[in-house]
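Report on the structure
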Amino acid sequence: MSTPAELTTALPAEPRAELTVPLRFTLNGVQQHTTAPVGTSVLTLLRDRLGLTGTKYGCGEGECGACTIVVDGASVNACLMFAADLDGRSVTTIEGLAADPRARALREAFVEHGAVQCGFCTPGMMMQATQLLARCAQPDEAAARAAIEGNLCRCTGYKKIVEAIVAAGQAPASEGRR
Amino acid sequence: MNDAVKDAVKNRQPASLIGQRITKLDAPEKAAGKTRYVHDIHLPGQLHAAILRSAHVHAVIKRIDVSRARALPGVHAVLTAADIPGEHTHGIVIPDWPSLIGVGERVRYVGDALAIVAAETREQATAALDLIEVALEPQPVIADPVQARQIDSPSLHENGNLLKHIKVRKGDMAQGFAEADLILERTFHTATTDHAFLEPECSIAQPTADGRLYLYVGSQIPYADRNQVARALGWPDERVRVVGQLMGGGFGGKEDIAGQIHAALLAQATGRPVKLLYDRHESLIAHPKRHATQIRVKMGARRDGRLTAVQTELYGDAGAYASLSDKVMTRATTHSAGPYETPHARADCYAMYTNNPPSGAFRGFGVTQSAFAVESMIDELAEQLGIDPVELRRRNALRVGSVTNTGQLLHESVGLLECIDRVDSEMRRRAGNDPFRARPTPGQEHRVRAWGFAAAYKNTGLGGGAPDRAQAEVELYEDGALEARVSSAELGQGLVTVLQMIVAEEFQAPLDQVRVLVMDTDLTPDGGPTTASRQTFVTGNAVLQAARTLREGLVRVLAERFDAPPSQIRFVEGLALVNGHTAPLGEVAAIMKSEGHSPRALVEYWAPATQPLGAGGDMHFAYSFAAQAAEIEVNTRTGEVQVLTLIAATDVGKVLNPLGLLGQVEGGVMMGLGNALTEHFILEQGVPFSDRLARYRIPNITQTPEIVVLHVEHPASTGPYGAKGVGEIVSIPTTPAITNAITHATGVRITRLPVDQEEIALRGEGRGR
Ligand code: FES
Ligand code: FES
């Protein structure tokens, strides 16, 4: 979206040569060698260049959490991070959780407890919840609530998401692992 | 199959799925992040679109020069109004909304589109916008509906600024007020609010080799999209196919057509697929909002609390274009006497054009606003009369035999009293007998708690004489799969799961044998709009009828084939049982085909007829009812309000899936909470300040209270298994329950939404106890 150049003569657009940087990082356990334009966000890199569309665009400015990913063990808004800053780091996205047993317990709990409606916030919620379970195998309600403070959901009212996270911590699979 | 199994199957009583806790059909994929939304689709060769929007609130366009933008490398097309081959305007009710504003025409809000660009990349398309030169002549701005009705205000549309004057008349107001022992009068204001669905709008238009256009979009009304896009292209409807995608939320905000027409025009012009994604800023600025209103309520009652007269005057900010304002404000008006019986009622509503973003459908459909006003007044009435606010509601509550303010005799399915009683006893169980008294927290006297109460009703379905119908098709395949096909929309509310349950129930087939195809105008018949809490009822009924028609077809064929009376044929666990024979459903499909019948049924269901407003009789075929109580805590130093507990009882006729219903209630309550406390789409002389999520606060987890959900079932005889709508009613009483609680805690009357928490701190001072 943009504003018209009202009664003015706009500058001719210089076809800008794209400045790109080389990148090496681990994505869902696999080493990546790629390049990214300097100003590109991690979200754009993942979605548009690498085809990983499980991470969602909801606002582009760190307000909604739909783009939550995990970088070196910490959850991050992919829309706020420059792709160039990924160099040398390790990234996990929702696609990387496919085989993770904690994530499996979470997926089952999300379905079972009705924590998914439109599903657009769900990948971000799943990333936060997996992070939480990695830190604390059996989170209580307060911990579950704290984990998703930065993630918006317009459909569920959050209650079912919290229930699902707590339940996933109680699930036999995750108990067995402790 | 061995005999033991056969016996087991034969002796099994069909188990009903209805009322069981069923997990959502599409939840596993969504939880794995595998669900594809429109933005996730990438078509080979696709171009990216960008829209030049006015940014002027009100102006006449003098000149648009796109030549330099066209010359930019990577740009494939730059279109203005002059390039539209078909109709220039769109609109679901009144087509008054120009898809592009041309030279000599008028922009009426900041989101109006002047030119559209398709380029190789999004960056190029956006860069091209900067090269478009526009000359325009600013006009005086109409910023609110009251101003719009003033005689010297400029006219925004040919027929002036009054979009509609809506009237409700019952009885004789002079008599009603003469009979009152107490008359109260007060004016309320509600703010413009936004759906803030998490997924911003996206559409992709794809020209096909055979000269058609496919449109991938998340839309609440696929057939209306098809029609509106086809009209803009100058094509017959059938040449366009809407391939609806799962949506990241809608809540009414994806009923009006958004970028669909723009994407389609660019695809037609370039011959390439075109993706148009709104960023959040554009989404907030462009799409229709919930109406800001001014509502004056005058209410008369006898000493015993019985209402004698309710008079309301509403102003609704329709914004720049008609959208659904006519319908939304009609609903606000007809519900403006609350869920109560009053012998004399009068309401006048002025839906006014302004230079704000258009207002349209938003969960609650106008009733959210009028319920706040009327429920606040009812509470004040109770206080002045010295009657318990719950008791006052009970005395006036609609019940079977009541006549509404529009003259409708309610003859069944009115569970309001039970909702009130259930919430009341749960509230008093927790709070004791004086829940509405302010209770300072011991040791922290500036923190004051109190409860508040509210009730509401909301129609199911379009009503008002509009034909309300849906087509549905159910087919049985030779592999045993059953498929339901409807064009209705899945926004996350769980429609596909309800339809899956209905088909499984009718065939006594396992759930995983049933699939549901929705939102494709080539493959699914027209189910009408996904609005007005109508899908469970209308499309549910259509699928139910289609399933039953198909089942009867199977029974006829089986009866003939096995020479058995139809009454002896049963369906259990995906099998047909006849005369000691057991046939899997797939086999029955094969039998039908071999005999020249096709194993599918297409029906068109018509909901019971309704009457237009003013005609009396049944304006709606069903209503849902609700009562809620909220316990809040106010920090009287800062004015900060926290909702601690919310008890919600809803009469939904019949609970089809308690898990889905819980999700609707909890999500709806949180929307009502946001509407009460934080949500305000701030406009200054038509210019949005709330153009980012950071400036439009929807509730997060820290605001989620304990939510206690109570189900009330007063079946609607014409609903599927007795069910009626639920999507909107759950959110309506929340706001006034919270604001009434704030009044009880602080003594401050809330007349304006969202609650100004600083003002509470100031005005509540001295009552800090
Ligand atoms: S898209 Fe990154 S926080 Fe919203
Ligand atoms: S499920 Fe829709 S936003 Fe969370």
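Since this is a predicted model, take the numbers as computed values, not measurements.

1. Section: the overall build of chain A
Looking only at helices and strands, one finds six helices and six strands in chain A. Secondary structure elements of chain A, listed N to C terminal, follow the sequence β-β-β-α-β-β-β-α-α-α-α-α. Burial analysis of chain A (178 residues in total) assigns 50% to the buried set. Contacts in chain A between residues far apart in sequence, at least 24 positions, make up 56% of those at least 6 positions apart. Of the roughly 7500 Å² that chain A leaves accessible, carbon and sulfur atoms contribute 51%.

2. Topic: the overall build of chain B
When helices and strands are tallied, chain B shows 19 helices and 31 strands. Compactness check: chain B gives a C-alpha radius of gyration of 27 Å against a globular reference of 27 Å for 769 residues, within 12% of the reference. Seen through its C-alpha atoms, chain B measures out along the principal axes to roughly 80 × 70 × 55 Å. The proportion of buried residues among the 769 residues of chain B is 66%. In chain B, the share of contacts with a sequence separation of at least 24, taken over all contacts with a separation of at least 6, comes to 80%. Carbon together with sulfur atoms contributes 48% to the accessible area of chain B, which is approximately 25200 Å² in total.

3. Digging into the sheet that holds strand 19 (residues 444–460) of chain B
Residue and element names in this part refer to chain B. Read across the open sheet, the five strands follow the order 18-19-27-28-31; overall the sheet is mixed. Either end of the sheet is taken by a strand with one partner, and the two such strands are strand 18 (439–441) and strand 31 (706–712). On average, adjacent strands in this sheet sit at an angle of 20° to one another, irrespective of strand direction. The pairing of strand 27 (residues 622–635) with strand 28 (residues 641–651) spans 10 bridges and is classified as antiparallel. Paired with Ile632 across the strands is Val643, a residue of strand 28.

4. Things to note about the interface of chain A and chain B
Accessible area lost upon the coming together of the parts serves often as the stated size of an interface. Taken residue by residue, the interface counts 51 residues in chain A and 71 residues in chain B. Interface area, chain A with chain B, both sides summed: about 5100 Å², of which 59% is carbon and sulfur. Our enumeration of links across chain A and chain B arrives at eight salt bridges. Counting every contact that joins chain A to chain B gives 24 residue pairs in polar contact (both at pLDDT 80 or more). Those elements that provide at least two residues to the side of chain A that touches chain B are strand 1 (5–6), helix 2 (101–112), helix 3 (122–135) and helix 5 (159–170) of chain A. The leading source of residues in the side of chain A that touches chain B is helix 2 of chain A, at four residues. Split into classes, the residues belonging to the side of chain A that touches chain B amount to 25 nonpolar, 14 polar and 12 charged.

5. Considering the domain arrangement of chain B
All names here are of chain B. Splitting chain B by domain gives domain 1 (3–35 + 469–606), domain 2 (45–139 + 200–246 + 254–286) and domain 3 (293–463 + 612–763). Computed over C-alpha atoms, the centres of domain 2 and domain 3 are 38 Å apart. Each side of the interface is counted separately: domain 2 has 20 residues, and domain 3 has 23 residues. When domain 2 packs against domain 3, the two sides together hide about 1700 Å² of surface, and 66% of this comes from carbon and sulfur. For the domain 2 face of the interface with domain 3, the top three residues by lost area are Val57, Val93 and Leu284, together amounting to 30%. Applying the counting rule to domain 2 against domain 3 returns zero salt bridges. Counting across the domain 2 and domain 3 interface gives seven residue pairs in polar contact (both at pLDDT 80 or more). At the level of elements, strand 5 (97–98) and helix 9 (280–286) are the ones that each hand at least two residues to the side of domain 2 that touches domain 3. Counting residues per element, the side of domain 2 that touches domain 3 draws most heavily on helix 9, which supplies four residues. Broken down by class, the residue content of the side of domain 2 that touches domain 3 amounts to 11 nonpolar, two polar and seven charged.

6. What to know about the environment of Leu129 of chain B
Residue and element names in this part refer to chain B. With respect to the secondary-structure elements, Leu129 resides in helix 4 (residues 122–129). Residue Leu129 is classed as buried on the basis of its relative accessible area, which comes to 0%. Counting along the chain gives 12 residues from Leu129 to Val117, while the straight-line C-alpha distance between them is 7.4 Å.

7. What to know about the sheet that holds strand 21 (residues 482–486) of chain B
Residue and element names in this part refer to chain B. Strands sit in the order 22-21-20-26 across an open sheet of four strands; the sheet is mixed. The open sheet terminates on both sides in strands that have one partner only, identified here as strand 22 (514–518) and strand 26 (600–606). Pairwise comparison of adjacent strand axes, ignoring direction, gives a mean angle of 20° for this sheet. Bridge count between strand 20 (residues 469–476) and strand 21: four bridges; the pairing is antiparallel. Bridging across to strand 21, Leu476 finds its partner in Leu482. The strands touched by helix 14 (residues 495–507) are strand 20, strand 21 and strand 22; relative to strand 22, the strand with the most contacts, the crossing angle is about 140°.

Calculation criteria
- Residues numbered from 1 in each chain as written.
- Chains lettered and ligands numbered in written order.
- Predicted model: local features only at pLDDT ≥ 70, side-chain atom pairs only at ≥ 80, totals over all residues.
- Heavy atoms only, no water.
- Helix = DSSP H or I, 4+ residues; strand = E, 2+ residues; numbered from the N terminus.
- Buried < 20%, exposed > 50% of the residue type's maximum accessible area, 1.4 Å probe, protein only.
- Contact = heavy atoms within 4.5 Å.
- Areas by Shrake-Rupley, 256 points an atom, 1.4 Å probe, with all protein chains shown as cover.
- Rg over C-alpha atoms; globule rule 2.2 N^0.38 Å.
- Pairing = 2+ DSSP bridges.
- Axes fitted to C-alpha atoms, helices over the stretch in contact; angles between N-to-C directions.
- Buried area = accessible area lost by both parts, 1.4 Å probe.
- Salt bridge = Lys/Arg side-chain N within 4 Å of Asp/Glu carboxyl O.
- Polar contact = N/O pair within 3.5 Å; in protein donor to acceptor, adjacent residues only side chain to side chain.
- Nonpolar A, V, L, I, M, F, W, Y, C, P; charged D, E, K, R; others polar.
- Domains from an automatic or database assignment.

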